[in-house]
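# Fold and geometry: a report
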Amino acid sequence: MLATYSYEEYDFTYGDVFEQPETKKTLSTLRLVNRIWNRIATPLLFRNIQAVVGYSAGRPLDSILRISESPYALYVRDVRFGFVGSWLPGLDYDRYIDDLAAGALPILISRFQNIQTLRLQTPTVIDTFSEEGQLKPAMLAKLTNALVHTLRLVSVPILKCLHISMPTTAEFARFFESNSYTGGFTNIFGQLEELHITINDSTGPDGRRDPKWPRSVIKTKYPPDRFAPYLIQLIAYARRIQVFSLDARTWFDVSDLEAESFTKLKSFRLEGVRINHKTLRQIFIEARDTLHRIQLVHVRLMSGTWQEVFDHSALPPKDILWLYVHGCGYSMTGASARYMGSTFSRYPTALWTRYAPDWLAITHWRTVVNTNRQRRSLPICPYCYYPSIEPILRDLGSN
């Protein structure tokens, strides 16, 4: 694999190897070999820790509390809190949130003096046919406020990366509920170099899931579009951001993103959002001197064309090395809905468009990507090559 892709691409695809259970098991074994291996393996073993509900039975906060009180706390760089899977009432899930909200989260974070990455993940909504099986707004508010108060009150001077997964954009409004503490979290967002946000509720007619399910209790009370400005304002504070990812499982508009926040951007990923073509183009222009990686998945333009996004005298970014565009097109409710196209469902496509210049523009970017990679002795980008048309024609002929 490393012979085919660069180390950066390997890490982007597979994540931090020290998070993997197999790696932790190996490191635990190496610690027992001798003192030298113990000194090598111990910092790596405690580099990534988690207190996540859903992996195993028991109280996950107990084990991370013991680590925070030990000498190993100095080795911790990456901490994950939250849930894996759906909300399952009756399994002490509410007790876990109560403990975090009662002070466990700020106490734990304050003890990990070298923390660089903080992750918080809410449970995804699986069953909306039973209200009893859903996370309630009040309980979600407790979990969000625990994070908000921690970022306002706890000193995390070397925090560089923040991962937040929430069911709706409304939870980001809680950062602005108490103006007296605003300076605290704005300073923290100002020091971030990586920001990863997921809106994970895919229910309702605007959800990105098939088949459609009834809208959840939380999404009914807090529609994503109505509260999107709070999320966009929060992103605007992260003016040193180098890696940005926004993954939405439900459609909402991010046309008000401030391009000036992305002048240092190296990696940019959008999925499942609607956006104005001028906003998207301006983000690329602002980051043209630093941007290496772009990933656009199921992005819908509210205005303009994809040609207008890609065709500009300042674009493409001069050092772009990776371009992945998949399933992007035009919003049915936008000014450019007339350009909506279709394709063969069996074959993935970058753009759903009937406007031919869109394809010419993206082809130019793909060419630049592979030219830059060749100069660095890298293989061609797997998403910037042109597959043979013969299999498609052969299938068409047999139908």
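Keep in mind it's a predicted model, so treat the numbers as computed, not measured.

## Things to note about the overall build of the chain
A tally of regular secondary structure across the chain gives 13 helices and 12 strands. Within the chain, the proportion of its 399 residues that are buried is 48%. Accessible surface computed for the chain: about 19,300 Å², of which carbon and sulfur atoms make up 53%.

## Side note on the state of the cysteines
Per the counting criterion, the structure on display carries 0 disulfides. Here Cys381 stays unpaired: no disulfide links it, and the sulfur of Cys384, its closest cysteine neighbor, is 3.7 Å away.

## With respect to the side chain of Ser261
Within the secondary structure, Ser261 is located in the loop between strand E6 (243–248) and strand E7 (267–271). A relative accessible area of 1% means that Ser261 is categorised as buried. Beyond its immediate sequence surroundings of up to four residues, Ser261 is in contact with Ile235, Ala236, Ala238, Arg239 and Ile241.

## A few points about the pairing of strand E5 (residues 194–199)
The buried fraction of E5 amounts to 5 of the 6 residues, a majority that puts the element mostly inside the structure. The sheet contact formed by strand E4 (residues 161–166) and E5 spans 6 bridges and is parallel. Across the sheet, Met166 pairs through a bridge with Ile199, a residue of E5. The pairing of E5 with E6 spans 6 bridges and is classified as parallel. Note on E6: the bridge partner recorded for His196 is Ser245.

## Side note on the sheet that holds E4
Ordered by their spatial adjacency, 9 strands build an open sheet running E1-E2-E3-E4-E5-E6-E7-E9-E11, and the pairing between neighbours is parallel. Strand pairing shows two members of the sheet lacking a second neighbour, strand E1 (48–53) and strand E11 (322–326), which therefore form its edges. Here the average twist between neighbouring strands, direction ignored, is 5 degrees. Sheet topology note: the strand E9 (residues 293–297)/E11 ladder contains 5 bridges and is parallel. Bridge pairing links Ile294 to Leu323 in E11. Helix H12 (residues 356–375) rests against E9 and E11 of the sheet, and its axis sits at about 150 degrees to E11.

The rules we used
- Residues numbered from 1 in each chain as written.
- Predicted model: local features only at pLDDT ≥ 70, side-chain atom pairs only at ≥ 80, totals over all residues.
- Heavy atoms only, no water.
- Helix = DSSP H or I, 4+ residues; strand = E, 2+ residues; numbered from the N terminus.
- Buried < 20%, exposed > 50% of the residue type's maximum accessible area, 1.4 Å probe, protein only.
- Areas by Shrake-Rupley, 256 points an atom, 1.4 Å probe, with all protein chains shown as cover.
- Disulfide = S-S within 2.5 Å.
- Contact = heavy atoms within 4.5 Å.
- Pairing = 2+ DSSP bridges.
- Axes fitted to C-alpha atoms, helices over the stretch in contact; angles between N-to-C directions.

That's the geometry; what it means functionally is another story.
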